[in-house]
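Chain by chain, the residues run as shown.
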Amino acid sequence: MAWQLHYTSARRGPTGRAGFQFVAETPGLPDGVRAGVTPYLSYRPPPDAPLSPDDSELGGFPVSLLYDRVDGRPLLLRCRYLGRDYSGRYGNFFAHAVVAEPDELEGLRPAELWHAPHWTHDPAPETVLDRLDDLTPGAALDPEALAAWLAASSSGPGDPYALLGHLIDAVADVLGRGHGRVVLVSDDVELIARWIAVVSYSLPVDAAARLSFVTYTADPDGAAQRLVGTTPAIWAAAQHHASHASAFDLRDGVPGDARKRASRFARTVAACWRDSDFGGLDALGELAPLNDPAQEGAAALLALCRGDATVTPGEEAAAAELMSRHGSAIPEWVWRDLVPGVPSMGLDLALAVHERARAAGAAEVARQCSLRVTDRALDALAKASSLRAVVATAGVAERAGVPLDPTEVTASAARCARAGAADLGKALTGCPTALRDALLDGVISGLADAGEPQRAAALTPANCDLLYEHAERLRTAPAVACAVLASIGRRTPERRIAVTGELLRIGDDDPEIDAALREVWETPPSTGECAALLDAHGKAMADRPALAGLPSRTFTRLAFPGGERLAEPAALRLAERVRELMPDGRSGRDAALVQAYGKAITAGPARAARALADITAADGATSQLAGEAFAGAARRLAQRPPAFRAELLAELSGTARARVGAQWTAELPSRARAGRAPLRGAEIEQRNELVEVVLRLKAGGRSDPALEAWARAAAGRWLAAKQLDSHLARSPRLRTALRDLLAEDDSARRGR
């Protein structure tokens with residue numbers, strides 16, 4: 001039901017007072033309604049209207065129909081200028097207000113009530129008004145009549161459909177923002193009412209219920225409604241045109257901003273009016289209400305349903321979003337009507353429609369979309385500019401259940417990788433499992449064909465780690481494989497043996513392989529690592545220069561300082577393994593030298609002497625290794641008893657004997673080496689033992705001039721002679737040899 005109120009200036013109203021007041025109303029008016037209606041009760045004539053109109057002129061004053069809400073109830077207020085009041089003064093008007101229950105306007109647009117039969121021309125003579133059980137629309141503004149009027153107007157100076165498109169966008173904007181207004185400017189209030197009705201019919205019923213309007217106001221800047229009518233004189237005289245108001249001059253049919261193209265939604269609305277397609281307007285409202293974020297998608301979807309191939313990618317994205325948001329709520333007719341629009345769909349929209357159509361049981365449109373996804377996916381692969389784009393396309397195809405040809409994925413990935421593959425990690429992570437190998441093959445092929453700068457930039461440590469997980473796929477691209485494996489081996493020493501195996505399995509004589517092996521083994525292997533390398537790839541090592549010298553580098557590293565680690569069991573086992581697998585070449589000779597070192601420091605005098613001779617005569621061995629091995633062996637042998645040492649020297653050749661002797665004297669403390677006194681206890685012992693070695697060697701019929709010269713100098717002082725005599729007290733033979741040695745020095749001095 002609805003309640004009525006009449007308001008005007010009266011000599012004596014229901015309360016007994018004079019002036020503007022409510023003069024009649026429906027009994028039982030809800031509390032607060034009268035107070036809620038009061039702020040809307042005003043009317044000022046246009047400034048260019050007659051100041052003292054007669055009865056014939058009053059019909060030219062614009063009628064104001066206002067629609068708004070009061071405490072949640074719809075308010076419809078019609079104001080008409082009456083001219084004189086009871087006292088003869090001008091300025092009187094009559095306001096007829098209708099306040100309805102919230103559901104009274106269900107299915108009805110307020111603009112339809114412009115010429116409704118319940119409106120009265122003058123105040124009722126009684127104070128009691130009837131309750132309105134039904135709000136019956138007027139006949140002048142039905143959709144068919146408005147469509148005919150728009151069609152007739154299109155022959156005029158302006159394009160009413162272009163104006164409508166911009167008007168719809170402006171109204172959608174203010175409804176979406178919840179503030180601001182759209183101003184319609186015309187001297188003809190009937191024209192304004194028609195445009196308000198057209199806009200209202202263009203909206204879903206719910207949106208039309210939120211569109212407050214007034215057909216005429218003398219204060220457009222202060223009006224609280226969203227759609228406001230006024231006259232040109234009022235609009236021109238307004239001191240401050242609100243910055244948030246869009247104005248449309250209906251006299252010329254000029255859009256508010258003709259430079260801006262109307263939205264797809266607004267253009268679709270205008271097209272529906274042009275074609276008298278009221279079902280299309282209903283379809284738009286069913287798909288997405290006005291100022292819903294998906295309204296552009298609704299218009300695009302409707303366009304596709306009608307075979308429109310001009311839908312842009314942005315509009316398709318909005319339609320896909322609409323599909324995702326509404327899902328099963330999409331009306332059934334959409335699936336049927338979409339079939340002709342599938343061939344023009346982009347990939348994302350075709351996928352969205354495919355997914356929702358399958359869920360809705362729309363088999364034919366799902367089948368058509370599957371074919372379209374395949375077609376668009378292949379096109380997207382051909383145009384992809386990055387691996388991420390390739391993977392995105394593959395993911396879309398997988399979601400649609402469309403199998404892609406792996407060779408197409410490989411070709412697309414190869415083309416992208418030739419320009420770089422910085423996004424490889426994310427691409428591999430996001431790629432469907434069934435196509436990951438195809439993607440990898442394409443990346444590897446593309447990197448192989450890329451220029452060196454592009455390949456180097458793409459093969460970051462992270463990307464190399466990813467590719468190494470598929471090392472078997474690298475073997476067809478040696479340049480890529482070498483770069484990846486070199487990076488892995490250089491950064492992770494524990495993988496060097498496995499990396500070496502992968503490099504050897506490439507099976508190519510490409511010098512890049514040896515370069516990669518050198519990079520991997522830039523740091524010499526440890527004893528255990530070298531032994532494991534021999535066990536894994538021993539026979540192949542001799543054929544690769546970068547590997548053949550690794551045992552020598554390991555031995556040389558062990559030899560410093562002084563060869564002490566060459567005698568470790570692991571080193572000796574390694575030497576044996578090297579001689580077994582690589583008997584020829586420098587590594588084999590170095591292994592023999594290491595074995596000789598082991599014998600020299602552990603065997604008896606005769607075998608030790610032969611081992612030292614082998615070290616001295618190690619032709620083709622690494623000179624640094626040979627030098628440290630000899631020095632280390634001599635140092636270790638210097639710790640043996642004098643008798644052993646003398647026998648060792650006796651077994652050596654003169655050259656070797658002199659070299660060992662020089663090493664032993666060089667190891668003595670500087671005072672003992674120079675024959676100066678006094679010496680400390682340990683220094684005395686070292687000197688005495690080496691002098692004893694010289695005496696035993698001489699007593700056995702062998703000699704070394706340099707050692708004997710040193711011994712005479714070291715024992716020539718009185719204190720040293722006494723200390724040596726005491727040291728040799730238990731060996732009369734050696735004491736005699738000492739005296740003979742010193743006597744030789746005296747004889748030499750007397751002979752001079």
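Along each chain, numbering runs from 1 in the same order as the chain's sequence is written. Two thresholds apply to this predicted model, a pLDDT of at least 70 for residue-level local features and 80 or more for giving and counting side-chain atom pairs, whereas whole-chain, interface and lining totals are computed over all residues. To obtain the side-chain values, all non-hydrogen atoms of the structure were used and water was disregarded.

A. Region of interest: the overall build of the protein. Each helix corresponds to a stretch of at least 4 residues labelled H or I by DSSP, and each strand to a stretch of at least 2 residues labelled E; elements are numbered beginning at the N terminus. Each helix and strand counted, the protein has 37 helices and nine strands in total. In this treatment the radius of gyration is a C-alpha quantity, and the globule benchmark scales as 2.2 Å times the residue count to the 0.38 power. Scaling as 2.2 N^0.38, a compact globule of 752 residues should have a C-alpha radius of gyration of about 27 Å, whereas the protein reaches 54 Å, well beyond that. Oriented by its inertia axes, the alpha-carbon framework of the protein measures out at about 170 × 60 × 45 Å. Working definition: with a 1.4 Å probe on protein chains only, accessible area under 20% of the residue-type maximum means buried, over 50% means exposed, and in between means partly exposed. Looking at the 752 residues of the protein, the share that counts as buried comes to 51%. Here a residue-residue contact requires only that any non-hydrogen atoms of the pair lie within 4.5 Å. Partitioning the intrachain contacts of the protein with sequence separation of at least 6 by distance along the chain shows that 67% fall at a separation of at least 24. Here the open area of atoms and residues is found with the Shrake-Rupley method and a 1.4 Å probe, where only the protein chains shown may cover a residue. Of the roughly 33700 Å² of accessible surface on the protein, 50% is carried by carbon and sulfur atoms. By the counting rule applied here, Lys and Arg register as positive and Asp and Glu as negative, while His and the ends of each chain are not counted. To locate a charge, take NZ of a lysine, CZ of an arginine, CG of an aspartate or CD of a glutamate. Counting 86 positive and 96 negative side-chain charges, the protein places the averaged centre of each group 17 Å from the other.

B. Structural context of the pattern of salt bridges. Throughout this description, the term salt bridge denotes a Lys or Arg side-chain nitrogen within 4 Å of a carboxyl oxygen of Asp or Glu. Applying the stated rule across the entire model yields 34 salt bridges. Taking the shortest distance from any N to any O, the salt bridge between Arg-635 and Glu-667 comes out at 3.3 Å. You can see Arg-635 sitting in helix α30 (residues 623-637) and its partner Glu-667 sitting in helix α32 (residues 654-667), a full 32 residues away along the chain. Among the residues examined, Arg-635 registers a relative accessible area of 30% and is labelled partly exposed. Among the ionic contacts, a cluster of salt bridges with common partners joins Arg-264, Arg-267, Asp-308 and Glu-315.

C. Broad picture of the packing of helix α22 (residues 496-505) against helix α24 (residues 527-541). With their axes 10 Å apart at the nearest point, α22 and α24 run at an angle of 15° to one another. As judged from the angle between their axes, α22 and α24 are roughly parallel. Crossing of α22 against α24: the hand is right-handed. From α22, Arg-496, Ile-497, Thr-500, Gly-501 and Leu-504 reach across to α24, where they touch Glu-529, Ala-532, Leu-533, Ala-536, His-537 and Ala-540. To obtain each axis, a line is fitted to C-alpha atoms, and for helices this fit is confined to the stretch in contact; angles are then taken between N-to-C directions over 0 to 180 degrees. Relative orientations are named as follows: roughly parallel for angles under 35 degrees, roughly antiparallel for angles over 145 degrees, roughly perpendicular for angles from 65 to 115 degrees, and oblique for any other angle. Put simply, a crossing is left-handed when the front helix is turned counterclockwise from the back one by less than a right angle, and right-handed when it is turned clockwise.

D. Spatial organisation of a positive patch on the surface. Patches here are clusters of residues that have more than 30% relative accessible area and form no salt bridge, with a 9 Å joining cutoff for like charges and a 5 Å cutoff for nonpolar side chains (Val, Leu, Ile, Met, Phe, Trp, Tyr). Taken together, Arg-579, Lys-599, Arg-607 and Arg-610 make up a surface patch of like positive charges. Counting through the fold element by element, Arg-579 comes out in helix α27 (residues 569-581). When its relative accessible area of 42% is taken as the criterion, Arg-579 is described as partly exposed.

E. Expanded view of the pairing of strand β2 (residues 19-25). Counting buried positions over the seven residues of β2 gives five, a clear majority of the element. Note on pairing: DSSP must find at least two bridges between two strands before they are called paired. Direction of pairing for strand β1 (residues 2-10) relative to β2: antiparallel, over a ladder of six bridges. Residue pairing for β2: His-6 is matched across the bridge by Ala-24.

F. Main features of the environment of Ala-448. In this structure, Ala-448 sits in helix α18 (residues 433-449). Using a relative accessible area of 30% as the deciding quantity, one classes Ala-448 as partly exposed. Between the C-alpha atoms of Ala-448 and Asp-252, which are 196 residues apart in sequence, the distance is 67 Å. Not counting residues up to four positions away in its chain, the partners in contact with Ala-448 are Arg-455, Ala-477 and Val-480.

G. Molecular detail of empty space enclosed by the protein. Cavities and pockets are defined on a 1 Å grid built over the protein atoms alone: a cavity is a set of grid points where a 1.4 Å probe fits but cannot escape, while a pocket is an open set with protein on both sides within 12 Å along at least five of seven lines, and lining residues are those with an atom within 4 Å of any such point. Grid points are joined across faces, edges and corners, and a volume is the space filled by probe spheres set on the points. With the rule as written, the count across this model stands at two cavities of 30 Å³ or more. Its boundaries defined by the atoms lining it, the second largest cavity holds a volume of some 30 Å³. In this classification, Asp, Glu, Lys and Arg are treated as charged, Ala, Val, Leu, Ile, Met, Phe, Trp, Tyr, Cys and Pro as nonpolar, and every other residue, Gly included, as polar. In terms of residue class, the lining of the second largest cavity is made up of seven nonpolar, one polar and no charged.

H. Geometry of the nonpolar core. Put simply, buried Ala, Val, Leu, Ile, Met, Phe, Trp, Tyr and Cys residues joined by side-chain atoms within 4.5 Å make one nonpolar core. Counting residues in hydrophobic clusters, the biggest one holds 239 residues, and the most contacted among them are Trp-195, Trp-273, Leu-338, Leu-439, Leu-503 and Leu-612. Top contributing element to this core by residue count: helix α5 (residues 189-202), with ten residues. In this view, Leu-439 contacts Leu-387, Val-390, Val-391, Val-409, Ala-413, Ala-427, Leu-428 and Cys-431; residues no more than four positions away in its chain are not counted.

I. Just the pairing of strand β5 (residues 90-100), in detail. Along β5, nine of the eleven residues are buried, which leaves the element largely enclosed by surrounding structure. Two elements, β1 and β5, share six bridges in a ladder whose sense is antiparallel. Paired with Trp-3 across the two strands is Val-99, which belongs to β5. Where strand β4 (residues 73-84) and β5 come together, nine bridges link them in antiparallel fashion. Looking at β5, one finds that Tyr-81 is bridged to Phe-93. Hairpin connection between β4 and β5: a loop of five residues separates the two successive antiparallel strands, and Gly-88 in this loop has a positive phi of roughly 90°.

J. Looking closely at the confidence of the model for the protein. Put simply, the protein has an average pLDDT of 88, and 95% of its residues get 70 or more. On a scale of 0 to 100, pLDDT captures the predictor's confidence in every residue. Mean pLDDT values for the elements of the protein range from 71 in helix α33 (residues 670-674) up to 97 in strand β7 (residues 213-214).

K. Local environment of the state of the cysteines. A pair of sulfur atoms, both from cysteines and within 2.5 Å, is called a disulfide here. For the coordinates displayed, the defined rule picks out zero disulfides. Between Cys-305, a free cysteine, and Cys-369, which holds the nearest cysteine sulfur, the sulfur-to-sulfur gap is 11 Å.

L. Structural detail: helix α15 (residues 387-399). Expected helix span is computed as 1.5 Å times (number of residues minus one). The end-to-end C-alpha separation of α15 is 18 Å, in line with the 18 Å expected for 13 residues at 1.5 Å each. Among all positions in α15, only Leu-387, Val-390, Val-391, Thr-393, Ala-394, Gly-395, Val-396 and Ala-397 are buried. Structurally, α15 contributes buried residues whose contacts are with α13 (347-360), α14 (363-383), α16 (406-417), α17 (424-430) and α18. Gly-401 sits one or two positions beyond α15 and adopts a positive phi of about 70°.

M. Representation of the packing of α15 against α18. It is at 12 Å that the axes of α15 and α18 come closest, and there the two elements cross at 160°. One finds that α15 runs roughly antiparallel with respect to α18. When the axes of α15 and α18 are compared, the crossing they make is right-handed. Within the contact between the two elements, α15 uses Leu-387, Val-390, Val-391 and Ala-394 and α18 uses Leu-435, Leu-439 and Val-443.

N. Local environment of the packing of aromatic side chains. Under the pairing criterion, centres of Phe, Tyr and Trp rings, with the six-membered ring standing for Trp, must be within 6.5 Å; the plane angle then separates stacked pairs below 30 degrees from edge-to-face pairs above 60, leaving the rest tilted. For the coordinates displayed, the defined rule picks out eleven aromatic pairs. Each ring, one from Trp-149 and one from Trp-195, has its centre 5.3 Å from the other, and the planes form 75°; the classification is edge-to-face. Taken together, the positions of Trp-149 in helix α3 (residues 143-153) and Trp-195 in helix α5 put the pair 46 residues apart, joining distant regions of the chain. Residue classification places Trp-149 among the buried positions, given a relative accessible area of 17%. For Trp-195, a relative accessible area of 4% translates into the label buried. Between Trp-273 and Phe-278, the aromatic rings sit 5.7 Å apart at their centres with planes inclined by 80°, giving edge-to-face as the arrangement. Classification of Trp-273 as buried rests on a relative accessible area of 0%. Overall, Phe-278 belongs to the partly exposed group, its relative accessible area being 22%. Following the ring pairs from residue to residue traces out a cluster consisting of Tyr-7, Phe-20, Phe-22, Tyr-43, Phe-61, Tyr-81, Phe-93 and Tyr-216. Either the NZ atom of lysine or the CZ atom of arginine qualifies as a charge over a ring when it sits within 6 Å of the ring centre and within 35 degrees of the ring normal. When the ring centre of Phe-630 is taken as origin, the NZ or CZ atom of Arg-659, which lies over that ring, is 3.7 Å away.

O. The side chain of Glu-502, seen in detail. Position of Glu-502 relative to the elements: it lies in helix α22. Discounting residues that sit within four places of it in the chain, Glu-502 has contacts with Ala-471, Arg-475 and Leu-485.

P. Representation of the side chain of Arg-496. As for its position among the elements, Arg-496 is in helix α22. Its relative accessible area of 6% is what places Arg-496 among the buried residues. In this structure the side chain of Arg-496 is engaged in a polar contact, spanning 2.8 Å, whose partner is the side chain of Glu-529. Pairs of N or O atoms within 3.5 Å make up the polar contacts considered here, provided that, within protein, one atom can donate a hydrogen while the other can accept it, and that residues adjacent in sequence are counted only when both atoms are side-chain atoms.

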